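An overview of the molecular structure
What follows is the residue order along each chain.
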Amino acid sequence: MNQKLKEKILESLSAVLPITGIVLLLSVLLVPMELSTVVMFFAGAVLLVVGMGFFQLGAEMSMTPLGEGIGVQISKTRNILLIVLLGFSMGMIITISEPDLQVLAEQVPSIPNMVLILTVAVGVGIFLAIAILRILFQINLSTILIALYMALIGLCLLVSPDFLAVAFDSGGVTTGPMTVPFIMAMGVGLASVRGDKNASSDSFGLVALSSIGPVLAVLILGSFYRPGAAEYASSKVENVVTTRDLLIAFMRGMPPYVREVFISLLPVAAVFFIFQLVSRRYRRLQVRRILVGFGYTYAGLVLFLCGVNVGFAPVGSLLGNEIGAAGWRWLLVPIGMLIGYYIVKAEPAIQVLNHQVEGVTNGAVSASNMNRCLSIGVAVSVGLAMFRVLTGMPIYWIVIPGYIIALVMSRFVPRMFVGIAFDSGGVASGPMTTTFLLPLSIGACNAVDGNIMTDAFGVVALVALTPLIAVQIMGVQYQITLNKEKPVSQPEFAVDEIVDFEEEEENVSE
């Protein structure tokens, strides 16, 4: 086996192992499950681990160099109109390719799937173009975020409350395993050409701005469409008796993802071939490596989505339903927090972000510290989401104050951490959130007879919110530590006195 692939799979195993242990513990102590359900769950976990390993290696070999290369070329372009068109086109293409968006679109019956997907894609395209211009013109990220989120909060007051949760969820699902490696690498490429002191910090923030576009676009769409009751068909765990039944269950579930991922990757592959044809940036060996990376990415996403949707998601829905219907339903909050703490480690895009942060900060912010910080943030998010399911609390009671706190903090933390924080919010809400936590939330909402549109939806939005605050707190701590370790420099007059004293000594000796 490829040594690099082996390392990635072992990384994935250490990330997924805790969540499988939690589900097994719950099945023994609180929610007894049939043996076939547990077997399906563990088989899904195996596919998830292998798929994530392939995906991470593939993203490193293909999506990262492609995004960085396009970012470098855009930086060298002097034509502003061409830059805007390229940013808009890449944002649309990469968003339409995002599998998570397809999952969300299926859950909103009031809006045709393609209408919602294109609306979100246009939102990402516009704001990716704005994000590129921000880097090129060195506009402060905190300033532009405050302006945009104030506009977003104002728009929330004009849109039906039934539509807010779906709108904020759409911002979270667009920054998934396809978009994050590409967009973050593009940011590094854009900033690398500048070479000034703020270049590294400005390489972050593209994901943050790209997450705002879909929310604004879907909120505007909400003034034309009125969502009805969500018709959510919960996935059922297949009953397997033999190992052959297990194999057939996953083989039967795989073809839709084979087709879906192929359609998702096709536009990105087309962009690579067109870019290479025009720029001739990559040599033959690099082209071969990127094509192999596309193959790894394809295989990894197919295995990942099949494992999650056939094995993980049905068990998530089952757990939510059983816990919500029990007399001790309030245990759903701490259970959700525990699952949220560990589930973020299983997000493929999180690992991409964490290693990039570690590289850009030269190890000052380690991948393990980023993981821990994001895990705490997501644990709080999921706890709040489960509390909303049980109480019916409106999402804007949490989202609006949360974003105001995050925006105020952005004026006091180091510049780099603002970009990292707002990027981390987007990448935390990936496939695992959409395909495990959302079914868990919907299953519990069904059990307590809640409103799925207002109470169950919104878990993705909350998962995208709390890391903004958690990472900025880490930024404050980092700045305090840096100030303590900074050596105390001697005053300038002291240096002059030493020089004068040495001159006097020489005169005396003469």
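Residues numbered from 1 in each chain as written. Predicted model: local features only at pLDDT ≥ 70, side-chain atom pairs only at ≥ 80, totals over all residues. Heavy atoms only, no water.

Concerning the overall build of the protein chain
From N to C terminus, the protein chain includes 22 helices and 0 strands. Looking at the protein chain residue by residue over its 510 residues, the buried ones come to 58%. Considering only contacts within the protein chain whose residues lie at least 6 apart along the sequence, 86% involve residues at least 24 apart. By element, 64% of the accessible surface of the protein chain is carried by carbon and sulfur atoms, the whole surface being about 21300 Å². (Helix = DSSP H or I, 4+ residues; strand = E, 2+ residues; numbered from the N terminus. Buried < 20%, exposed > 50% of the residue type's maximum accessible area, 1.4 Å probe, protein only. Contact = heavy atoms within 4.5 Å. Areas by Shrake-Rupley, 256 points an atom, 1.4 Å probe, with all protein chains shown as cover.)

What about the nonpolar core?
Core analysis: the largest hydrophobic core is formed by 163 residues, its most contacted members being F312, I339 and F422. With 18 residues, the top contributor of residues to this core is helix 2 (residues 35-76). For F312, the residues in contact, after removing those within four places along its chain, are V16, I19, T20, F41, G44, A45, L48, G307, M432 and F436. (Core = buried A, V, L, I, M, F, W, Y, C linked by side-chain atoms within 4.5 Å.)

Examining the environment of A191
Mapped onto the elements of the fold, A191 is located in helix 8 (residues 179-192). Taking the relative accessible area as the measure of exposure, A191 reaches 4% and is therefore buried. Separated by 55 residues in the primary sequence, A191 and L136 place their C-alpha atoms 7.8 Å from one another.

Considerations on the packing of helix 1 (residues 3-29) against helix 13 (residues 284-325)
As a packed pair, helix 1 and helix 13 sit with axes 12 Å apart at the nearest point and diverge in direction by 5°. In this view, helix 1 runs roughly parallel relative to helix 13, as classed from their interaxial angle. Mapping the contact onto sequence places L5, V16, I19, T20, V23 and L26 in helix 1 and Y296, F312, V315 and L319 in helix 13. (Axes fitted to C-alpha atoms, helices over the stretch in contact; angles between N-to-C directions. Parallel < 35°, antiparallel > 145°, perpendicular 65-115°, else oblique.)

Describing the pattern of salt bridges
Any two side chains of opposite charge can pair if their charged atoms end up close together. Under the counting rule described, the total for this entry stands at 2 salt bridges. A salt bridge links E60 to K4; its shortest N-O distance comes to 3.9 Å. Of the two residues, E60 is situated in helix 2 and K4 in helix 1; the sequence distance between them amounts to 56 residues. Of the charged contacts, one joins E60 and K8 as a salt bridge, the two residues approaching to 3.0 Å between their closest N and O atoms. One end of the pair, E60, is in helix 2; the other, K8, is in helix 1, and 52 residues separate them in sequence. Counted as one network, the salt bridges with shared partners bring together K4, K8 and E60. (Salt bridge = Lys/Arg side-chain N within 4 Å of Asp/Glu carboxyl O.)

As for helix 17 (residues 396-409)
A rise of 1.5 Å per residue sets the reference length of helix 17, with its 14 residues, at 20 Å; its end C-alpha atoms lie 19 Å apart and thus fit the reference within 8%. Of the positions making up helix 17, those classed as buried are I398, V399, I400, G402, Y403, A406, L407 and M409. (Expected span 1.5 Å × (residues − 1).)

A closer look at the packing of helix 14 (residues 332-343) against helix 16 (residues 367-391)
Where helix 14 meets helix 16, the axes come as close as 7 Å, and the angle between the chain directions of the two elements is 150°. Taken together, the axes of helix 14 and helix 16 lie roughly antiparallel to each other. The interaxial crossing formed by helix 14 with helix 16 has right-handed handedness. Contact residues: L332, V333, G336, M337, G340 and Y341 in helix 14; R372, S375, I376, V378, A379, V380, V382, G383, M386, F387 and L390 in helix 16. Each residue belonging to the contact of helix 14 with helix 16 can be placed in one class, and the counts come to 12 nonpolar, 4 polar and 1 charged. (Left-handed = near helix turned anticlockwise from the far one by under 90°. Nonpolar A, V, L, I, M, F, W, Y, C, P; charged D, E, K, R; others polar.)

Points about a nonpolar patch on the surface
The grouping of L24, L25, V28, L29, L30, F42, W328 and L331 at the surface amounts to a nonpolar patch, some 710 Å² of accessible area in total. A per-element tally of the nonpolar patch places helix 1 first, with 4 residues. Overall, the relative accessible area of 30% leaves L30 in the partly exposed class. (Patch = residues over 30% accessible without salt bridge, like charges linked within 9 Å, V, L, I, M, F, W, Y side chains within 5 Å.)

Comments concerning the packing of aromatic side chains
Under the defined criterion, the tally for this structure stands at 11 aromatic pairs. Pairing F41 with F42 gives two aromatic rings, centres 6.0 Å apart and planes at 80°, and the pair type is edge-to-face. In this structure F42 comes out as partly exposed when scored by relative accessible area, which is 33%. Taken together, the ring pairs connect F272, F273, F275, Y282 and F294 into an aromatic cluster. (Phe/Tyr/Trp six-rings, centres within 6.5 Å; stacked < 30°, edge-to-face > 60°.)

Looking at helix 1
Between its first and last C-alpha, helix 1 extends 39 Å over 27 residues, near the 39 Å set by a 1.5 Å rise per residue. At V16, helix 1 shows its maximal bend, which comes to roughly 30°, and the proline P18 appears one to four places after that position. Listed as buried for helix 1 are L5, K8, I9, S12, A15, V16, I19, T20, I22, V23, L26 and S27. (Bend = angle between axes of the 7 residues up to and from the residue.)

Notes on the environment of M184
Structurally, M184 is set in helix 8. We classify M184 as buried; its relative accessible area is 3%. When the C-alpha positions of M184 and M63 are compared, they lie 9.7 Å apart, and in sequence the two are 121 residues distant.

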